[in-house]
Amino acid sequence: MSDNLLLRDYNPTSMMTVKHTEITKPRFPVFDGHIHIGSLQMSGTHEPINAQEVVDGLKSAGIFGAINLKMFWGEPLKEHIAQFKGYEDFIRTFGSVDVARLEEPDFPKMVDENLREMKAMGVNGLKLWKNIGCGIKDSTGKFIMPDDERLRPIWEGAAKYKMLVLFHIADPKSFFTPVDEKNEFYESLINHPDWVFYGNGFPTFEALMQAQENLIARNPQTTFVIPHVGSCSEDLGWVGAQLDKHPNMYIDTSARINLLGRQPYTCRDFMLKYQDRILFGTDAGFGGAGFDIGFYADHYRFFETYDEYLRPIQAWGWDQGRWYVYGLGLPDDVLKKFYSENVLKLLKSVE
């Protein structure tokens, strides 16, 4: 018996004997509203993509379409989209805007030209990221917040050209708190210090949520998809209140099964109540590492069954929290909307 076992080496074997439902395909066809194909966003590199391989992999997991979120614009976006020639109906790619040019006098003109060009290319959505709020600073040294009025040309342009806006604004709450013995994501943050947004002048989680609400409220003609369960999967009551107040707001479930699955009763009730406003998304990344069908199978098991005490995502392990999760057992009519109908309605609205 060891009395000096390190936390990082602790990986207990569960003694629980509970039902395990084997699922490889979803109950209904799925449209993944949140994936990333190819090079990392904003990396400046454009690795070759085997579109046939990506599409075949997705189809093998029961996926019939997906939204590919890239932080590209201009020529890099054109080059990226060109790699999916012949698969445009299956892979819908969203573009982005060079927010770093915010203080340039011609920023509004640049945004308008950029969005008009993207729309002509068949792009019907934008992806914005947490570098707005927790990354880019203006000439005064202040972080540019999501509700900064200087960003308004983007939201107005999205409404003008009928484009959706998917905006990743914040990470889990614990990423904005001290990395100490009280932090439930301690291991994740020690392993990924770039995920820490506490101190060093970063805005608080509460300030980001206020900016998020301001943004959505001030731009009612723009349709926003706030991924990762509306930035606040730890407080579904708050997210529900936001959905009640803002009919132009939608959410997706990407990369949050680990947080949703420890509140299965609350989460199930939430998904039933807001069944028309929630999109299926995974945050899956596709590059040269091959396709892991188990990643999708874990999602289907979580949403379709009442299985208990299961690891949230096969590939994540303890790095996404030291707990197991519980299935939601969503009814068929809700699953159909969640798996594809909601996202297809949104895409149809901006064609």
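The notes below deal with the structure included here. Quick caveat, the model's predicted, so the values are computed rather than measured. (Residues numbered from 1 in each chain as written. Predicted model: local features only at pLDDT ≥ 70, side-chain atom pairs only at ≥ 80, totals over all residues. Heavy atoms only, no water.)

Side note on the packing of aromatic side chains
Then, in step 1: One pass over the structure, following the stated rule, counts 23 aromatic pairs.
Then, in step 2: Judged by centre distance (5.5 Å) and plane angle (90°), the rings of F295 and Y296 are edge-to-face.
Then, in step 3: Ring-pair connections join several aromatic residues into one group, and the members of that group are F280, F295, Y296, Y300, F302, F303, F338 and Y339.
Then, in step 4: The ring of W323 carries R262 above its face, with NZ or CZ at 4.1 Å from the centroid.
Then, in step 5: Its guanidinium or amino end placed over the ring of Y250, R277 lies 5.5 Å from that ring's centre, counting from NZ or CZ. (Phe/Tyr/Trp six-rings, centres within 6.5 Å; stacked < 30°, edge-to-face > 60°. Lys NZ or Arg CZ within 6 Å of the ring centre and 35° of its normal.)

Concerning the pairing of strand β7 (residues 249–252)
Then, in step 1: Neither face of β7 is exposed, since M249 and I251 on one face and Y250 and D252 on the opposite face are all buried.
Then, in step 2: As paired elements, β7 and strand β8 (residues 278–279) share 2 bridges and run parallel to each other. For I251, the partnering residue across the bridge sits in β8 and is I278. (Buried < 20%, exposed > 50% of the residue type's maximum accessible area, 1.4 Å probe, protein only. Helix = DSSP H or I, 4+ residues; strand = E, 2+ residues; numbered from the N terminus. Pairing = 2+ DSSP bridges.)

Observations regarding the packing of helix α12 (residues 293–304) against helix α13 (residues 332–349)
Then, in step 1: Two numbers describe how α12 lies on α13: the axes approach to 11 Å, and their chain directions differ by 145°. By crossing handedness, the relation of α12 to α13 is classed as right-handed. Taken together, the residues of α13 that come into contact with α12 (itself represented by Y300, F303 and E304) are L335, F338 and Y339.
Then, in step 2: Residues belonging to the contact of α12 with α13 are distributed by class as follows: 5 nonpolar, no polar and 1 charged. (Axes fitted to C-alpha atoms, helices over the stretch in contact; angles between N-to-C directions. Left-handed = near helix turned anticlockwise from the far one by under 90°. Contact = heavy atoms within 4.5 Å. Nonpolar A, V, L, I, M, F, W, Y, C, P; charged D, E, K, R; others polar.)

Examining the pattern of salt bridges
Then, in step 1: Tallied over the entire structure, the rule returns 22 salt bridges.
Then, in step 2: Here K78 and E75 are joined by a salt bridge, their closest N and O atoms 3.3 Å apart. With K78 and E75 both in helix α2 (residues 74–82) and 3 residues apart, this pair spans about one turn of that helix.
Then, in step 3: Accessibility expressed as a relative area gives 31% for K78, which makes it partly exposed.
Then, in step 4: D171 is the partner of K130 in a salt bridge, and the nearest nitrogen-oxygen pair spans 2.5 Å. (Salt bridge = Lys/Arg side-chain N within 4 Å of Asp/Glu carboxyl O.)

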